[in-house]
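Each chain, letter by letter, is given below.
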Amino acid sequence: MAPSTSYVLHILVLLHILTVPGFLSRLGFVSALIKDVALDNDADMLTFHGDYSPPSPPPPAPPPHPPSASCEGDLRGDGSLDTLCKLGNSLNFTEDAYIEGIGNLHILPDVILRCPVAGCSILVNITGEFRLGLNSQIIAGTVFVTSGNASLLSGSVVNVTALGGSPPEQTSGTPAGVQGAGGGHGGRGASCVMDNTKLPEDVWGGDAYSWSSLHEPWSYGSKGGTTNREEDYGGKGGGRIWFDIRSEIEIHGTLLADGGDGGVKGGGGSGGSIYIKSYKMSGSGKVSASGGNGFAGGGGGRVSVNVFSRHDDPIFLVHGGRSYGCLGNSGAAGTFYDAVPRRLIVSNHNMSTETDTLLLEFPKQPLWTNVYIENHAKATVPLLWSRVQVEGQLSLSSGAVLSFGLAHYALSEFELMAEELLMSNSVIKVYGALRMSVKIHLMLNSRILIDGDGDTLVATSLLEASNLVVLRGSSLIQSNANLGVHGQGFMNLTGPGDIIQAQRLVLSLFYSISVGPGSILRGPLENASNNYVAPQLYCDLQDCPRELLHPPEDCNVNSSLAFTLQICRVEDISIEGLVEGSVVHFHWVRDVVVQSSGSIIASGLGCSAGAGRGRFLSNGLGGGGGHGGKGGRGYFNGSIVEGGTAYGNADLPCELGSGSGNNSLAGATSGGGIIVMGSLEHALSSLAVGGSLRADGESFGEIVRMQQGVITSDIGPGGGSGGTILLFVHALALGESSSVSAVGGHGGLNGGGGGGGRVHFHWSEIPIGDEYLPIASVNGTIHVRGGIGRGQGYAGENGTVTGKACPRGLYGIFCQECPVGTFKNISGSDRALCMNCPSHELPHRAIYVAVRGGVADTPCPYKCISDRYHMPYCYTALEELIYTFGGPWLFGFVLLALLVLLALVLSVARMKSVSVDDLPNLMPNRRALQIDRSFPFLESLNEVLETNRTEESQTHVHRMYFMGSNTFSEPWHLPYSPPEEVIEIVYEDEFNKFVHEINALAAYQWWEGSFYRVLSLLAYPLAWSWLQWRRKRKIQLLREFVRSEYDHACLRSCRSRALYEGLKVAATSDLMLAYVDFFLGGDEKRADLPPRLHQRFPMSLVFGGDGSYMAPFSLHNDNIIISLMAQSVPPTIWYRLVAGLNAQLRLVCRGHLKTSFCSIMSWLETHANPKLNVYGVRVDLACFQPTASGYVQFGLCVCAVEDESLQPSVEGCFGTHLRKTMDHSRQSEHLLTHRRFVQEILQTNSLQMIGEKKTLGYPLSFILHNTKPVGHQDLVGLVISILLLGDFSLVLLSLLQLYSISLLDFFLFLFILPLGILLPFPAGINALLGHGPRRSAGLARVYALWNIISLINVVVAFICGFVHYKTQSSNRKKHPNFQTWNFSMDESGWWMLPSGLVLCKVIQARLINYHVANLEIQDRTLYSNDPDVFWQS
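All residue numbers refer to position in the chain's written sequence, counted from 1. Reporting in this predicted model follows two pLDDT cut-offs: at least 70 for local features of residues, and 80 or more for side-chain atom pairs to be given and counted; totals over whole chains, interfaces and linings ignore these cut-offs and use all residues. The side-chain figures draw on all heavy atoms in the structure; neither hydrogens nor water molecules are used.

By convention in this document, the label disulfide applies to cysteine sulfur atom pairs within 2.5 Å. Taken as a whole and judged by the stated rule, the model has nine disulfides. Disulfide pairing places Cys-192 opposite Cys-326 at an S-S distance of 1.9 Å. Linking Cys-192 and Cys-326, the disulfide has an S-S dihedral of approximately -70 degrees and is accordingly described as left-handed. Pair noted here: Cys-192 is in the loop between strand 11 (157-159) and strand 12 (240-251) and Cys-326 is in the loop between strand 17 (315-317) and strand 18 (335-338), with a separation of 134 residues, a long-range link. Between the sulfur atoms of Cys-555 and its disulfide mate Cys-568 the distance is 1.6 Å. Taking the sign of the torsion about the S-S bond as the criterion, the disulfide between Cys-555 and Cys-568, at about -40 degrees, is left-handed. Under the DSSP-based scheme used, a helix requires at least four consecutive residues in state H or I and a strand at least two consecutive residues in state E, with every element numbered from the N terminus.

Pairing between strands is defined by DSSP: at least two bridges between the two strands are required. The strand order 3-6-9-11-13-15-17 describes an open sheet built from seven strands, whose pairing is parallel. What marks the edges here is a single partner per strand, and that holds for strand 3 (91-92) and strand 17.

To continue, consider the sheet that holds strand 64 (residues 1114-1115). Spatially, 64-63-66-65-67 is the arrangement adopted by the five strands of the open sheet, whose pairing is antiparallel. On the outer flanks of this sheet lie strand 64 and strand 67 (1240-1241), each paired with one strand and no other. Two residues form a contact once any of their heavy atoms are found within 4.5 Å. Every angle, taken between N-to-C directions, lies between 0 and 180 degrees, and every axis is a line fitted to C-alpha atoms, over only the stretch in contact when it is a helix. The strands touched by helix 18 (residues 1153-1173) are strand 65 (1177-1183) and strand 66 (1194-1200); relative to strand 65, the strand with the most contacts, the crossing angle is about 165 degrees.

Now for a nonpolar patch on the surface. A cluster of nonpolar side chains, contributed by Leu-881, Phe-885, Leu-890, Phe-893 and Val-894, occupies part of the molecular surface with about 450 Å² of accessible area. Summarising the element assignment, Leu-890 is placed in helix 7 (residues 888-913). A simple rule labels every residue: compare its accessible area, found with a 1.4 Å probe on the protein chains alone, to the largest value its type can have, and call it buried under 20%, exposed over 50%, or partly exposed in between. For Leu-890, a relative accessible area of 44% gives the class partly exposed. The residues that make up patches have over 30% relative accessible area and no salt bridge, and they are joined within 9 Å when like-charged or within 5 Å when they are Val, Leu, Ile, Met, Phe, Trp or Tyr. Surface exposure here means Shrake-Rupley accessible area, sampled with a 1.4 Å probe, where a residue is shielded only by the protein chains that are shown. Salt bridge criterion: a side-chain nitrogen from Lys or Arg within 4 Å of a carboxyl oxygen from Asp or Glu.

Okay, helix 11 (residues 988-1002) next. Multiplying one less than the number of residues by 1.5 Å gives the expected span of a helix. Spanning 15 residues, helix 11 covers 21 Å between terminal C-alpha atoms, matching the ideal 21 Å at 1.5 Å per step. Listed as buried for helix 11 are Phe-991, Phe-994, Val-995, Ile-998, Asn-999 and Ala-1002. Each buried residue of helix 11 sits inside an arc of 130 degrees when the element is viewed along its axis, so together they form one side. Seen from the open side of helix 11, the exposed residues pointing more than 90 degrees away from its buried face are Asp-989 and Ala-1000. Contacts from the buried residues of helix 11 go to strand 60 (956-961), helix 13 (1020-1045), strand 61 (1063-1067) and strand 62 (1074-1079). Note that the arc is computed from the directions linking the helix axis to the C-beta atoms.

Further remarks concern helix 6 (residues 877-884). Taken as a whole, helix 6 has its buried residues at Ala-877, Leu-878, Glu-879 and Ile-882. Gly-886 occupies a position one or two residues after helix 6 and carries a positive phi of about 100 degrees.

Let us now look at the pattern of salt bridges. For the coordinates displayed, the defined rule picks out 32 salt bridges. With a closest N to O distance of 2.8 Å, Arg-959 and Asp-1077 form a salt bridge. Taken together, the residues span a long stretch of sequence, with Arg-959 in strand 60 and Asp-1077 in strand 62 at a distance of 118 residues. Here the two residues Arg-959 and Asp-1077 agree in accessibility, since each one is buried.

Here you go:
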């Protein structure tokens, strides 16, 4: 049984009614008191049901009952019926028995009360408890029990099977004839005799009766028919059981009112009636009023239960009896009515049947709550124009069938109203029309079949499910007439086999419709007649039916309209299955999604003839149908038949495709149908197609026709033309695998192909301007090609694909934006309307850009090709600056004027800052010489204490030079063995210790050299400053060590050790040459010490510097040397000699030593030695012993000349002899003497042996080198000022240019080397405004370093500009609208600013050389080539 439904409100009301005192059962044959109580009960029931409706007439009253039997006398029991009566003996009654009392009646176990006479009654009216003991039985035709409580214990039976009396009068429950049919009651009896003149539904046995009293059944079952006229083999009908219990009934036993069995010769009797009324019922017993088995089974009886509270679920059976003559057609099920929840259950207990259970008039007040038809029950509503209305569920399950109307009289209209219609493996058949109104309709492997083709008045069925419609498991809703399915919620066809189809199908008012994979919506039905497929009214007209463009908005089913399948007023539609129809229309729909497995098809469902029908010959050869394109011609054996003509409006098509036209011939083809989505007033919001939309023409299949006994297949009709796909949409998306197709069909052999159809996209509310969004995304295919003609037939012409005329700025079928670089200022869709933008309006370095909504007018929008260019003229920041001042020429003039003005101001400031006292004199006084000669931190201890210089020169013994260049890789160091000149005044061991300590102190730490190397890579001027700072620090440490820390233990003089005066350390101003002077202490008492000048010959004077730009070679001249040389050479001569030699040494450049030293040697021979020879002194250029790393020091070798005529000859660098050749022996002896102190005196041959290492900075030596002074110091300073300011201006402009290119280029230029491009300007300003020639010259050299180092930054600028130029050139190919004239020449001038910087810096370097020379050399006669002029000055 189906589970009971609880209705709380009804239960509470019923509980109130049942608790009213005097609530007794109503019986027609009990006492008057009982009748009065029954009337009161009827009044209460009316109050419970609410609205009044006349009650069913009570069952007829039986004859007056006999007097009540006594407990001990008549019943042979113990006790009294007024207290407790126990029956322990079985009894057989021959007539009706009546038992009444106010006590209790207990029938003990195994006791049987039997009255085996048909219709015999056993009536029990007990106030107390009625109990039927274990395995006890009551057998009679009628068993009526009314008591306070009742208990039927296990094994107990109340059996009225086959003991029923006569059924009610004027009923046909007992079948007539000798066909052995079953008896009818709650359901019809079965009949196993087939009548070919009748439908299976019109053949049955005994008919059903007592429908009006099924809620309180009180009818006997009918007996079955017989198969023998002489003997009655039919089974008897079931009896009646009535329990009216005031409180509680327990059923653990069985209540049987089944029909009797008829065997194989008689029909089974129908089941009887069972009625149970109680406040509470428990137990799991069995209640059965089933039909009897027989040749044809009897129908089930009727069971009704009116129980407020049911704790257990007994078994209720009302099925029909089994048919031995036709096993698949058992008797029809009876009825089981549950009164409290008001539900009706019709169940045949899974016994198959073809016999109906009649459902006659359903109650209207109150409505039944639920109706369950299940377990192969077959119910029918036979009344014409009837209504089936329940308050809750109508449920069909497990093979159930519910029929409306009569199969041979399908002229009625039926109404079905319920909250829910639930179908599972069941069928609803409707003969006529159905008006269904439910909230939820669920179908699982079920079918609704509507046959309404008999009358136009009932040709339309309407199914309304307001909340939910679900078809699942191959469920089907089908009508061979018109069908409308309406709702307000969801419709879901979930999977394969789920189908809704009709000749005309309308789905409307749903929120969402989902057509799952394998599901189908179809209209018309397959193999439908032409009137349904394509109404002839529209096939012969070329005018567009108005309802296709302006459909009615009521969404009602209207057979006069052209639609065969319409989906109307639905929000969302998802199609994964198939939607098929001749004229498919989606009206007032928001969103439609056709998944990749989904299709909307109208192929081959158009006209078989039509306005563009193909022509054909009598032999069957035909041309293709025409529509969007002309049909192809047919051709065979010289015969040509034309195809159909094109027709319709390409801009708004709405016609069916045409066929081959030869309907009378086999294999005739039809055109495609119509698919319309939306309307002019209500377009679809969006259409997404991943599957297909097809309205193709029909193709001719393999036709094999028999003509005159000969099989031929050489000719055939033409193909049908494509139909129409008309889409009123706002947005369209066609997926990659999607297809929109209206192609023509293929013709038969030698027949013509059908013409292509028409596809039109009618866009709604095309947004324009800034509101524009692409309305279509088309990745699929759209086909309107003509069909092919097989054999010699011709193919049909292609159809048309059109779109609504696009507004300004948009073009094409899908109203896309005009291509970049074009504009469109008129309405239309042709691509030619998008005209090219005027090229003269496009600035250089600009490209046209796409704008939302396209370009509707000129000027066309554009943008610069890079963000570094600025609108509107796409200038760089540099160009904006230039054109702000009137263009390149005017900007250049203004910049030049400004530079000159600023340079003049700077020059005036420089000249005012330079004092006259800062200029060096040609012949400085002695104190000035001391100042010029050295700095205070380089003076020895005696110099600081103002010790007398003459005294120092008188006690000076020897000057010992440090080896090395005082760099981090070549620090200063002294040789360990003491020289011969001081061997007499020092202790050798202590001297070596002194040298060790000095060398350790002169060495640098590793981190100092590492820091220097890092700075050399980043900023060499800073590295040079770092080196000079560490050199100063080093000489300070050495001087401090010798002056105060060292105990002078190496000296033999006690006085020198005591006064710390015997050793002094000093260095040249360039800090590259250091030396140790040895002095006598005064207590040596040596007459040969200190040695005189000629005793010191040959004497070595080492040059300071290294020949580089920052440290040129120079001869150091101090008081000691002056005093010593004064012994032979006048000081003025020596001063002039040193000045001239230093001027010449400035020009010596490392990397060019061979050439430069030739000039020095020549100058010594032409200017110096001739003058010195007069005083017996000669100087030669010499190189001294190199260090371990190869560093060589250069200097002068001073020696005595004994005879002027015997001067050594030195071959000039220019191939001339300046001196006569000396005697070979004297020359050798002289050179040997020299080699005790120097490695080699440089001559022409030895000069060529000097090895020089080329470094990375060697090329810069051609730019940075010391030169001769040129004079015009103020003019040179002015020009340098102009160039410095111009350099800085070019740097700023270059930075601006590179910033316009990219921020990366800007930082690369600025920081490789770090800030190297900016620092020359402050360095130059500092140099130009420096005080004093010496300081100004040093600052100028630093300025020159920064200037030349910044060339690296300029190289970076070159690289960045070149890369940008190449990249920009290649980018032109990436912009299809970037014209060649857009690339201005100034893009190719990327090199101009870097080149200007190179030129400016090279010129600056040259002028700085002159400026430094002007500062350092005030006397230009030092460079005179005439020795006389040199010495006279």
